[in-house]
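So the chains spell out like this:
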Amino acid sequence: AVFAPWANTPSGAPCKRRAQVLERLRTAFESRVTIPEKFRRTQLTNLMSMIKDNEEQIVNALHKDLTKPKFEAILSEVEIVMNELHCALSNLTSWMQPEYVSKNLATKLDECFVRREPLGVVLIIGPWNYPMQLLIVPLIGAIAAGNCVVIKPSEVSAATDNLITELIPKYLSKDCYAVVRGGAKETQALLKNRFDHIFYTGSQAVARVVLQAAAVHLTPVTLELGGKCPCLIYGRVNATAAAHRLVWSKFFNAGQSCVAPDYVLCSKATCDALVPALRQVLEDFYGSDIQKSPDMSRIVTPKHWTRLMGLLNRTKGKVVVGGEHDEKDRYIAPTVVVDVAEDDALMEEEIFGPILPILTIESLEESIKLTKTKEKPLAFYVFSDESSVVKKVLENSSSGGFCSNDGIVHMALPGLPFGGVGNSGFGHYHGHWGFEAFSHQRAVMLRGWALEKLNALRYPPYSDEKLSWLRWTTSPKSCSIM
Amino acid sequence: MSREQQAVARARKAFETGRSKSVEYRINQLKNLQRLFSERQKEIAAAIKKDLNKTEVGAQFYETLGLEGEISLFIKNLKEWAAPRHVKKNLLTMSDTVYIHPEPLGVVLVIGAWNYPWAVTIRPLIGAIAAGNAAVVKPSEVCVHTSKVMEDLLPIYIDKELYPVVTGGVPETQELLRQKFDHIFYTGNSTVGKVIMEAAAKHLTPVTLELGGKSPCYIDKNCDISIACRRVTWGKYSNCGQTCIAPDYILCEPSIQNRVIEEVKKCIKEFYTDNPKTCPDYGRIINQRHFKRVMAMLEDSNIAVGGENDESDCYIAPTVLRDVKPEAKVMQEEIFGPLLPILPVSSLDEAIKLINKGEKPLALYVFSPDNKVIERMRDETSSGGFLANDCLVHYSVSALPFGGVGNSGIGCYHGKFSFDRLSHLRGCLVKKLKMEGVNDMRYPPHTLKKLGWYQWTSFPASCNVLRGAEKPKPFCS
């Protein structure tokens, strides 16, 4: 266990410590130490060592917090981070290069380019469900872009919080990167300070607080939120294959993923074929006594366990698979509920747990209509062997990301921007998108001293003739003539 | 339901019909907008003359020329910009389709400003239309005549349900801000910018804020001072200094201050005659409130050129102030008027230090023949945009992002940047239900062997050809 210096000190002291930390980071940023590519590479390489050297401790901490199976921890918390680090290290040089742009005739002899520059001191607030990934992947973007970073892990995933607090100062420059800990009160106090960007992953309610704090300083924000990610199953479908992918993506991390398929919409016939397939797959994956399987996670806290059980108790649907639970173990079995109506308890908010409601709606059109009455989710899924069904859903929905015939995996592709829209957030990251999220795209134009005669066209006294010439020289078409 | 609520509700309903989805529809709307400018030049110019005392040519040059170019650019490129953008895959997704699908956000609110009312109100609108959104247009009430012309003309040319014009002052704007939008695009000052952001916070609405700041202008003593001062004079006194990227103040060594003053004086005469008040190419301060605000800045300064003014006409002569100190009134906020303070500094170091004491500006100018000076200035400061050896013109290159940083704003636009800013770039992975065998590795029960295989196939480190992600290609023709 690691002593948390701010957790138990009297009020006033944490505030002072925080101010000192921010002062240190700002001084470091102003000294321009994070600007050279070499510095950023060193930090990213050190971050890579941090993960490699401490893989076992990371897996253990995640197990402590979420009973996360080793496989899930490696896949979704270690490997995905390593992948992002490889991507950043491979591409940093090119990301940092100026990007030359096309010009018009009037500016043909000038140099015009876009320069990516660091923003300054940025704040990253992580959530508890993938406490390593969702904190470190944004951090990679922030470091690569040349910023200093205040890192605020979630206090809910306490073991990981402790580990991050211990490891970061061991591997990264203490002057440029600092971990700040605490709960809601400490986070609100932290938010009163001025940052050059705030990256928040979590809930809508807290996001509003973050945005309001950011408004005071005109701080740009990236919000990675959630929502009820619908999963439509229509047309010709291989029920077994669909069931495999649906079970995997739904019950990974016991359903506590911002991009987990939240609820299913399908016809009665599909539902009748799907349920036994789901049941079979669950047994194939986790055995007949799922609570004993080492491959199933637990609910993060008693509070969330109670919340989920509340939903199960209030639902008017029928539990056809699972339903078993164990309060002491914070265990809820992978559960499938059918005959769920639109106004059911399970349809009120993002479930974020191992409960899968199935709503029976005969037509695809009606299903699409239903999803439109809800807020835009972070992900949208459709299972179908018919590409026309996939196309129809894609074109008649809006969501952060979209994936057909699978779940979650679209977020592991660094080439795709990962982020929400509407209530599921704004801004995006992963791969070079993370670098861009934490950069200022500065327009740079370097003019020469010649061609003052050409410039004369724009000076008063104004005339129609000058205007015609100007029209010609500043239009993009004039370039092709040249 | 209030008038504002109705306009927003109608726009949302119109958006939900899906008619702005097709690229053809959007291009048609843009073509109609183009016709507005070619057919209604006279009405536009007459209103601008009343609001800002610009001539018809001046109005075209500063307002509509840029818009016409922008619309042409959009019409030419929209199909490509709106098409799916394919990205690199890994071995595991080799047989899948992976792309970014640009989609409309929904209903966008565009709040315009009064200084270049057409340019800063319509340019974001072009982006909003092109991206397939509905857009509520709120022109600035300060430019009274132009706002009326927008209200009258826009509904004649473009879809009046999808793109309603809502005029009004503070109460009407506040009522608009209570409604839910999918993006708010605001051009104006940072005080109101904070209010906008706070209102947007309630609905988790993303914003683009094009604000301002004090754009510094450093003149190296070794440069061609005559050319530099011509460019600065033009950049400063166009639109009577009411330009968000006008060079706000000059920094130079004391040894050249007199020369700078002399050259600027010469150019003022050349551009605006001996009596700028009677010159048709010289503008006016927008209203008496701003006139008083700018005049108050003169209190503790030393006037080297100009200073003449006439409150009844909102006229302030092109003015230069000398030996200005950082504590002076004129250095406390963005001037947004025809006063050009010169702050003598002993070195480039001192200039950079002074600039960094202030908030990050929207633009930063440096005049120097020495690339090292330019690079130092660029590397050691931060600003929305950076321009060496001229003023304002970086605005005209559509391929450059136009926007602020820090107090000068959030987000950027122009050309493709507008399109991307007002779109949702949706990441899409289209898989088939085949190849289950490959997926098998990730399913429980978990084994170390499966983990090894999965790691190899899903991560780019496994295949040099598939390394990492690619930056989007630079915007080029």
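Owing to the predicted nature of the structure, the values given are computational and were not obtained by experimental measurement.

> So what's going on with the overall build of chain B? Which residues, and what values?
Helix and strand counts for chain B stand at 16 helices and 19 strands. By the compact-globule yardstick of 23 Å for 477 residues, chain B fits well, its C-alpha radius of gyration being 26 Å. Based on the C-alpha atoms only, the size of chain B along its principal axes is roughly 85 × 55 × 40 Å. Looking at chain B as a whole, 65% of its 477 residues qualify as buried. A sequence separation of at least 24 residues applies to 71% of the contacts in chain B between residues at least 6 apart. Of the roughly 17500 Å² of accessible surface on chain B, a fraction of 54% belongs to carbon and sulfur atoms.

> Describe unusual backbone geometry, with residues and values.
For the peptide bond that leads from Pro460 of chain A to Pro461 of chain A, omega is -5°, which places it in the cis range. You can see Pro461 of chain A is positioned in the loop between helix H15 (452–455) and helix H16 (464–474). The omega torsion of the bond from Pro444 of chain B to Pro445 of chain B falls at -5°, within 30 degrees of zero and hence cis. Mapped onto the elements of the fold, Pro445 of chain B is located in the loop between helix H15 (436–439) and helix H16 (448–458). Within the chain, Cys314 of chain B stands out as a residue other than glycine whose phi angle is a positive 50°. Note that Cys314 of chain B resides in the loop between strand E10 (309–310) and strand E11 (315–316). What makes Cys314 of chain B buried here is its relative accessible area of 10%.

> How would you summarise the sheet that holds strand E3 (residues 121–125) of chain A if you had to cite specific residues and measurements?
All names here are of chain A. Strand order in the open sheet formed by six strands is E5-E4-E3-E6-E7-E17, and the pairing between neighbours is mixed. The open sheet has two free edges, formed respectively by strand E5 (177–179) and strand E17 (425–426), since each of these has just one partner strand. In terms of strand pairing, strand E7 (residues 221–224) meets E17 through two bridges, oriented antiparallel. Looking at the pairing, Leu223 lines up with Phe426 of E17. Here helix H7 (residues 184–191) sits on the sheet and contacts E3, strand E4 (148–152) and strand E6 (197–201); the angle it forms with E3, its principal contact strand, is near 160°.

> Please set out the UniProt feature "active site" (unreviewed entry) in chain A residue by residue, giving values where relevant.
All names here are of chain A. Per the UniProt record, "active site" (unreviewed entry) is annotated on Glu224 and Cys258. These annotated residues cover 35 residues of sequence, but their C-alpha atoms sit close together, with the largest distance between any two at 8.9 Å. Mapped onto the elements of the fold, Glu224 is located in strand E7. Looking at Glu224, the relative accessible area reads 2%, which means it is buried. Glu224 has contacts with Phe199, Tyr200, Thr201, Gly202, Phe418, Gly419, Ser424, Gly427, His428 and Tyr429, leaving out every residue within four places of it along the chain. The residue Cys258 is located in the loop between helix H9 (239–251) and strand E9 (263–266) in this model. Taking relative accessible area as the criterion, Cys258 reaches 12% and is therefore assigned buried. Apart from residues no more than four positions distant in its own chain, Cys258 is found in contact with Asn129, Leu225, Cys229, Glu350, Phe352 and Leu378.

> Tell me what's going on with the nonpolar core, and back it up with residues and numbers.
Core analysis: the largest hydrophobic core is formed by 335 residues, its most contacted members being Leu139 and Ile358 of chain A together with Leu33, Trp118, Ile219 and Met377 of chain B. Broken down by element, this core gets its largest block of residues, 14 residues, from helix H4 (residues 70–96) of chain A. Not counting chain neighbours up to four residues away, the residues in contact with Ile358 of chain A comprise Val264, Cys266, Cys271, Leu274, Val275, Leu278, Val336, Val337, Val338, Asp339 and Val340 of chain A. Core analysis: the next-biggest nonpolar cluster, separate from the first, contains five residues, Leu52, Cys143, Ile286 and Phe336 of chain B among them.

> With reference to specific residues and values, describe the state of the cysteines.
Residues and elements named next belong to chain B. Following the criterion strictly, the structure yields zero disulfides over all chains and no others. The structure places no disulfide on Cys412, whose sulfur is separated from the nearest cysteine sulfur, that of Cys244, by 14 Å. What makes Cys412 buried here is its relative accessible area of 13%.

> Kindly report on the interface of chain A and chain B, identifying the contributing residues and their values.
When the parts of a complex come together, some accessible area is lost, and that lost area is often used as the size of the interface. Across the contact, 115 residues belong to chain A and 120 residues belong to chain B. Summing both partners gives a buried area of about 9700 Å² for chain A against chain B, and 60% of it is carried by carbon and sulfur. For chain A, the biggest contributors to the area lost against chain B are Leu218, Trp449 and Tyr462 of chain A; these three give 10% of the whole. Taken together, the links from chain A to chain B amount to eight salt bridges. The salt bridge partner of Lys431 of chain B is Asp406 of chain A, with a shortest N-O separation of 2.9 Å.

> So, the packing of aromatic side chains: which residues are in play, and what are the values?
A complete count under the given rule lists 26 aromatic pairs over all chains for this structure. Note on Tyr459 of chain A and Phe271 of chain B: the rings are 4.8 Å apart at their centroids and 25° apart in plane angle, and the pair reads as stacked. Taken as a pair, Tyr459 of chain A in the loop between H15 and H16 and Phe271 of chain B in helix H10 (residues 254–272) lie in two separate chains rather than in one. Both residues of the pair, Tyr459 of chain A and Phe271 of chain B, belong to the buried class. Between Phe37 of chain B and Trp118 of chain B the ring centres are 5.6 Å apart and the planes differ by 80°, which places this aromatic pair in the edge-to-face class. A residue pair is termed long-range when its members are at least 10 positions apart, and Phe37 of chain B in helix H2 (residues 23–39) and Trp118 of chain B in helix H5 (residues 117–130) qualify at 81 residues. What makes Phe37 of chain B buried here is its relative accessible area of 1%. Given the relative accessible area of 0%, Trp118 of chain B is considered buried. One aromatic cluster in this structure is built from Tyr459 of chain A together with Trp234, Phe271, Tyr272, Tyr282 and Tyr315 of chain B.

> Break down the environment of Ile158 of chain B for me, citing the residues and quoting the values.
Residue and element names in this part refer to chain B. Tracing the backbone through its elements, the reader meets Ile158 in the loop between helix H6 (144–157) and helix H7 (170–178). Given the relative accessible area of 3%, Ile158 is considered buried. A C-alpha to C-alpha distance of 9.2 Å links Ile158 and Lys31, two positions 127 residues apart in sequence. Ignoring sequence-local partners within four residues, the contact set of Ile158 consists of Gln29, Asn32, Leu33, Leu125, Ile129 and Tyr163.

> Could you give an account of the UniProt feature "active site" (unreviewed entry) in chain B, naming the residues involved and the relevant values?
Residue and element names in this part refer to chain B. The UniProt entry lists Glu210 and Cys244 under the feature "active site" (unreviewed entry), expressed in the numbering used here. Relative to the helices and strands, Glu210 resides in strand E6 (residues 207–210). If we ignore the near neighbours within four places in the chain, the residues touching Glu210 are Phe185, Tyr186, Thr187, Gly188, Phe402, Gly403, Ser408, Gly411, Cys412 and Tyr413. For Cys244, a relative accessible area of 17% puts it in the buried group.

About the criteria used
Residues numbered from 1 in each chain as written. Chains lettered and ligands numbered in written order. Predicted model: local features only at pLDDT ≥ 70, side-chain atom pairs only at ≥ 80, totals over all residues. Heavy atoms only, no water. Helix = DSSP H or I, 4+ residues; strand = E, 2+ residues; numbered from the N terminus. Rg over C-alpha atoms; globule rule 2.2 N^0.38 Å. Buried < 20%, exposed > 50% of the residue type's maximum accessible area, 1.4 Å probe, protein only. Contact = heavy atoms within 4.5 Å. Areas by Shrake-Rupley, 256 points an atom, 1.4 Å probe, with all protein chains shown as cover. Pairing = 2+ DSSP bridges. Axes fitted to C-alpha atoms, helices over the stretch in contact; angles between N-to-C directions. UniProt positions renumbered as here; feature names shortened; annotations may be inferred. Core = buried A, V, L, I, M, F, W, Y, C linked by side-chain atoms within 4.5 Å. Disulfide = S-S within 2.5 Å. Buried area = accessible area lost by both parts, 1.4 Å probe. Salt bridge = Lys/Arg side-chain N within 4 Å of Asp/Glu carboxyl O. Phe/Tyr/Trp six-rings, centres within 6.5 Å; stacked < 30°, edge-to-face > 60°.

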